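# Coordinate inspection notes
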Amino acid sequence: MSTICLIGVGRMGEPVCRRLVLAGHEVRAYDIRPERRAAVRSCGARWSDSAVAAASGADVLLTVLPGPAEVTAAVRDVVLQALAANATWIDMSSNAPTAAGPCREQAAAHGVGFLESPIGGSPADAAEARLRLFVGGDATLLERHRPLLSAVADRITHVGGPGTGYTAKLLVNLLWFGQAVATAEALLLGRRAGIDLGLLTDVLAAGPASSAFVRRDLPALLAGDYLPAYGLDRIHDQLAAIIALAEQCGTPHAVADTVRRLHQEALERYGPVDGELLAVALLEERAGTLLRHPGAAAG
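Presented here is a report on the structure given in the accompanying data block. Predicted model only: the values in this text are computed from it and were never measured.

### Describing a nonpolar patch on the surface
A grouping of Ile195, Leu199 and Val203 is seen on the molecular surface, where their side chains present a nonpolar patch of about 260 Å² in accessible area. Here Leu199 lies in helix 10 (residues 197-206). A relative accessible area of 48% places Leu199 in the partly exposed class.

### With respect to the environment of Gly271
With respect to the helices, strands and loops of the structure, Gly271 is situated in the loop between helix 13 (254-270) and helix 14 (278-287). On the accessibility criterion, Gly271 (15% relative accessible area) is buried. Once residues within four sequence positions are removed from consideration, Gly271 is found in contact with Leu232 and Ala266.

### Observations regarding the pairing of strand 4 (residues 60-63)
With burial as the criterion, each face of strand 4 is covered, one bearing Val60 and Leu62 and the other bearing Leu61 and Thr63. As paired strands, strand 1 (residues 3-7) and strand 4 are joined by four bridges and run parallel to one another. Pairing of Leu6 across the sheet is with Leu62, part of strand 4. Here four bridges tie strand 4 to strand 5 (residues 88-91), and the two strands are oriented parallel to one another. By the bridge assignment for strand 5, Val60 is matched with Thr88.

### Quick notes on the side chain of Arg36
For Arg36, the position within the fold is in the loop between strand 2 (26-30) and helix 2 (37-42). If we ignore the near neighbours within four places in the chain, the residues touching Arg36 are Val9, Gly10, Glu14, Asp31 and Trp47.

### Looking at empty space enclosed by the protein
Under the criterion given, the structure shown has two cavities of 30 Å³ or more. The computed volume of the largest cavity comes to approximately 40 Å³. Around the largest cavity sit Ser94, Asn95, Pro118, Tyr166, Lys169, Leu170, Asn173 and Gln238, which together line it. Top contributing element to the lining of the largest cavity by residue count: helix 9 (residues 164-192), with four residues. In this structure, the second largest cavity spans a volume of roughly 30 Å³. Secondary-structure elements contributing two or more residues to the lining of the second largest cavity are helix 6 (97-109) and helix 12 (232-249). It is helix 12 that contributes the most residues to the lining of the second largest cavity, three residues altogether. Looking at the lining of the second largest cavity residue by residue, the classes come out as five nonpolar, one polar and no charged.

The rules behind each value
Residues numbered from 1 in each chain as written. Predicted model: local features only at pLDDT ≥ 70, side-chain atom pairs only at ≥ 80, totals over all residues. Heavy atoms only, no water. Patch = residues over 30% accessible without salt bridge, like charges linked within 9 Å, V, L, I, M, F, W, Y side chains within 5 Å. Areas by Shrake-Rupley, 256 points an atom, 1.4 Å probe, with all protein chains shown as cover. Salt bridge = Lys/Arg side-chain N within 4 Å of Asp/Glu carboxyl O. Helix = DSSP H or I, 4+ residues; strand = E, 2+ residues; numbered from the N terminus. Buried < 20%, exposed > 50% of the residue type's maximum accessible area, 1.4 Å probe, protein only. Contact = heavy atoms within 4.5 Å. Pairing = 2+ DSSP bridges. 1 Å grid on protein atoms, 1.4 Å probe; cavity = no way out; pocket = protein on both sides within 12 Å on 5 of 7 lines; lining within 4 Å. Points joined across faces, edges and corners; volume = space filled by probe spheres on them. Nonpolar A, V, L, I, M, F, W, Y, C, P; charged D, E, K, R; others polar.

Below you can see the structure in the form of structure tokens.
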């Protein structure tokens, strides 16, 4: 069993912490918010008053943070220096490949291995150890830590070398948000053209244009749920990172830029609030129509 320094005990970090403790690991957790102390202790983990204290002698540094800025701020040289010899830093944050490059270099300078392992899934998935992990980095290092990662995930995909795990997660997100706004546009148009909303959703779900969004996530929207599990500002940052990567790689990104622009306009309209489907809310507002099953909440 490993001694783990866990930095970040938020929506995803807390269930991850609990699963690691249940798997028998010693977990020392730290969060910039001291009010998370009670949650850490309820998981059976040990609360540390600083990242350095949590890292002291730990075999694994695990970061579960909202984005690149938080990762950079949390993991200083003194944290890496405090780890045990031959330790590994596993970053499960919603990071970007370009922003994470300095993290890899920083880890290497201290003799610390580095794996990127961004998360696919919800806090409920984390609680049930049903996360999907997109791992980038050395395959041998992944195999060394696969038992640890299996405590929180049932799908662990080695995508490739450095940067590929973050990129894969960003692309999954791009397609999901793109499917959300494209589906909303189709439903708004179909409803305005006189097609029953329930019938139209059944047609889409059964046809060649069906997607995981239509089959799994659309019912939440039709019930008035904009999925307040992630911040709109964070979503926009991820979409902007995809555009930057496409520009760097020289690939077309007109569709991605449209999806990003819609989320930017939603961010300007609603502010940095939680809601993965708030770009859809913006389209509904512009159409003057809510996509709801009869009797659903107004949103």
